[in-house]
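Notes for the structure review
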Amino acid sequence: MRAIWKGAVSFGLVSIGVKLYSATEEKDIRFHQVHREDGGRIRYKRTCSVCGEEVTYDDIAKGYDIGGGEMVILTDEDFADLPLTSSRAIDVLEFVPAEQVDPILYNKAYFLEPEGAATKPYVLLRDALIDSERVAIVKVALRQREQLATLRVREGVLLLNTMLWPDEIRTPDFGFLDEDLKVRPPELAMASSLIDSMTGEFEPDVFTDDYRAALQEVIDAKVEGREVVQPEEVEEAPAAAVDLMAALKASVERAKAARGEQPARSSGGGGEPTPISSARSAQKAAEKKAAKAPAKKTAEKKTAEPAKKTAAKKAAAKKAEPAKKTAARKTAPRKSA
C-alpha cells in the first residue's frame, strides 16, 4: 500500500506521527469507451465554451456559479490562504461511546500506521481506546477540505473513518409517514416469527458479488475464445402479496426449509405451533372451558341431590337400630328359676 497522507495525531500534549492509507478498494470491473467499429479509444478534449480553444490542466481554475451566467473564479492561491489549522494534524476533540455515532454519518475508512519513533505512543492510544470502549471524535483536513472523523481500533490498527457533517444528511419526507396505518397484532407476531427464523451470525465472507463473478467469466471467455457458460438463472422475485398474513406464513415456512427444519403441518398434524396458532388454540380452549362450566355445575347439582337423600335414609336407619334392640329386650320372657 502507498501512503496518501502524512501527519500527526494530536492527543492532548502528545503528538503521534502517522501515515494514512486507504482501508478499502473498489472491485468493480472498469471499461473504456471505444469505437464499436474498430475498437479505438474515445478521447475527450477539454475545450473552452467561449473561445473554443483546447485547454491544458495548468490553465484550468475552479469556478463558482452565482447565477445569471456569472462565475466567480478561485485559484490555488485562494485555497492556500484558507485557515485550515488541521492541515497536517488529526486533532482529537473528545471520546464518546461508539453506539452514539449513527452509521449513516460514516463516509470513507483509512488505516493509520505509526511513523518513526511514534510506535509507543501509538500503541498507548490504541490500548487506551480498547480499554475505555470509546471512539475518538477528531478533525482532519484531507484534499483541501476539513472533515469530521472517528478514530477507533480494528485488528490492532487505528482506523480513521471520515464522516459527513450533520447538515449533509437528508431528512426523509415521504407521504406514508403522515398516514395512520395500523398493524394488527397477529401480523406483527408473524413478522417477528419470520425474523426469528432468519436470525443468524453475520459472517461477511459468506456473501459474494455474483454479478461481478459472472461478468468476469464473460470477459475471460472472450479473451480465450471459448463459449460463454451461462450462469444459473436467478429465482424471480415473488409478486406483491395480496394477503399479507399468507405471505408472512409462506415466508416463515420457506426460511425454515432453508435451514433444514421440518415445516409446520396443516391442521390435524403435529407441526411446531406458531405464535398465531398458539393464540388461536388458547382462545378456543378458553371458549370451551366457559361453555362447560354451567353444564358442570348443573350435573354436580343433580348428582348431589340423590346423594343427600341416600345419606339421610342411612342416618335414619342407623338411629332406628338401637330402638329396635331395646324393645326386643323388654318383650323377651324371663326364664323360671
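So, here's what we can say about the structure. (Residues numbered from 1 in each chain as written. Predicted model: local features only at pLDDT ≥ 70, side-chain atom pairs only at ≥ 80, totals over all residues. Heavy atoms only, no water.)

1. Regarding the overall build of the chain
Secondary structure assignment for the chain yields six helices and nine strands. Counting every position in the chain, which comprises 337 residues, the buried fraction comes to 17%. A fraction of 60% describes how many contacts in the chain between residues 6 or more apart in sequence connect residues 24 or more apart. Here the chain has roughly 28,000 Å² of accessible surface; of this, 54% comes from carbon and sulfur atoms. (Helix = DSSP H or I, 4+ residues; strand = E, 2+ residues; numbered from the N terminus. Buried < 20%, exposed > 50% of the residue type's maximum accessible area, 1.4 Å probe, protein only. Contact = heavy atoms within 4.5 Å. Areas by Shrake-Rupley, 256 points an atom, 1.4 Å probe, with all protein chains shown as cover.)

2. Focus: the pairing of strand β1 (residues 5–11)
The sheet contact formed by β1 and strand β2 (residues 14–22) spans seven bridges and is antiparallel. Directly across from Gly7, in β2, lies its bridge partner Val18. From the end of β1 to the start of β2, which pair antiparallel, there are two residues, and Gly12 there has a positive phi angle of about 65°. Pairing between β1 and strand β5 (residues 89–96): three bridges, direction parallel. Counted as the bridge partner of Ser10 is Asp91 from β5. (Pairing = 2+ DSSP bridges.)

3. What about the state of the cysteines?
Each disulfide consists of one covalent bond between the sulfur atoms belonging to two cysteines. Overall, the coordinates contain zero disulfides when judged by the stated rule. Among the cysteines around Cys48, which has no disulfide bond, Cys51 carries the closest sulfur, lying 3.8 Å off. (Disulfide = S-S within 2.5 Å.)

4. Let's talk about the packing of aromatic side chains
On inspection of all chains with the given rule, the structure shows three aromatic pairs. Seen in terms of ring centroids, Phe202 and Phe207 are 6.0 Å apart; in terms of plane orientation they differ by 25°. Their pairing is stacked. The burial state of Phe202 is the same as that of Phe207; both residues are exposed. Taking the ring centre of Tyr57 as reference, the NZ or CZ of Arg46 above it sits at 4.0 Å. (Phe/Tyr/Trp six-rings, centres within 6.5 Å; stacked < 30°, edge-to-face > 60°. Lys NZ or Arg CZ within 6 Å of the ring centre and 35° of its normal.)

5. Some details on the packing of helix α3 (residues 185–197) against helix α5 (residues 244–258)
Where α3 meets α5, the closest approach of the two axes is 9 Å, and the angle between their N-to-C directions is 20°. Taken as axis vectors, α3 and α5 run roughly parallel relative to one another. As α3 packs across α5, the resulting crossing turns out to be left-handed. Across the interface between the two elements, Pro186, Glu187, Met190, Ala191, Ser193, Leu194 and Ser197 of α3 pack against Leu244, Met245, Leu248, Lys249, Ser251, Val252, Ala255 and Lys256 of α5. Residue classes in the contact of α3 with α5 are distributed as nine nonpolar, three polar and three charged. (Axes fitted to C-alpha atoms, helices over the stretch in contact; angles between N-to-C directions. Parallel < 35°, antiparallel > 145°, perpendicular 65-115°, else oblique. Left-handed = near helix turned anticlockwise from the far one by under 90°. Nonpolar A, V, L, I, M, F, W, Y, C, P; charged D, E, K, R; others polar.)

6. Observations concerning the nonpolar core
The biggest cluster of nonpolar side chains holds 21 residues, and the ones touching the most others in it are Val9, Val18, Ile90, Leu112, Val138, Leu151 and Leu160. Of all elements in the fold, only β1, β2, β5, β6 (106–114), α2 (119–132), β7 (135–141), β8 (146–154) and β9 (157–163) reach the threshold of two or more residues within this core. Ignoring anything within four residues of it in the chain, the contact list for Leu151 reads Val9, Leu112, Leu125, Leu129, Val135, Ala136, Val138, Leu159 and Leu160. Formed by seven residues, the second largest nonpolar core is a distinct cluster that contains Val96, Val135, Leu148 and Met163. (Core = buried A, V, L, I, M, F, W, Y, C linked by side-chain atoms within 4.5 Å.)

7. Comments concerning the pattern of salt bridges
Using the criterion set out here, one finds eight salt bridges in the structure. The partner of Lys27 in a salt bridge is Glu25, and the shortest N-O contact between them spans 3.4 Å. On the accessibility criterion, Lys27 (48% relative accessible area) is partly exposed. Taking relative accessible area as the criterion, Glu25 reaches 60% and is therefore assigned exposed. Here Glu187 ties to Arg184 by a salt bridge, and the two come within 3.1 Å at their closest N and O atoms. By relative accessible area, which is 43% here, Arg184 ends up partly exposed. (Salt bridge = Lys/Arg side-chain N within 4 Å of Asp/Glu carboxyl O.)

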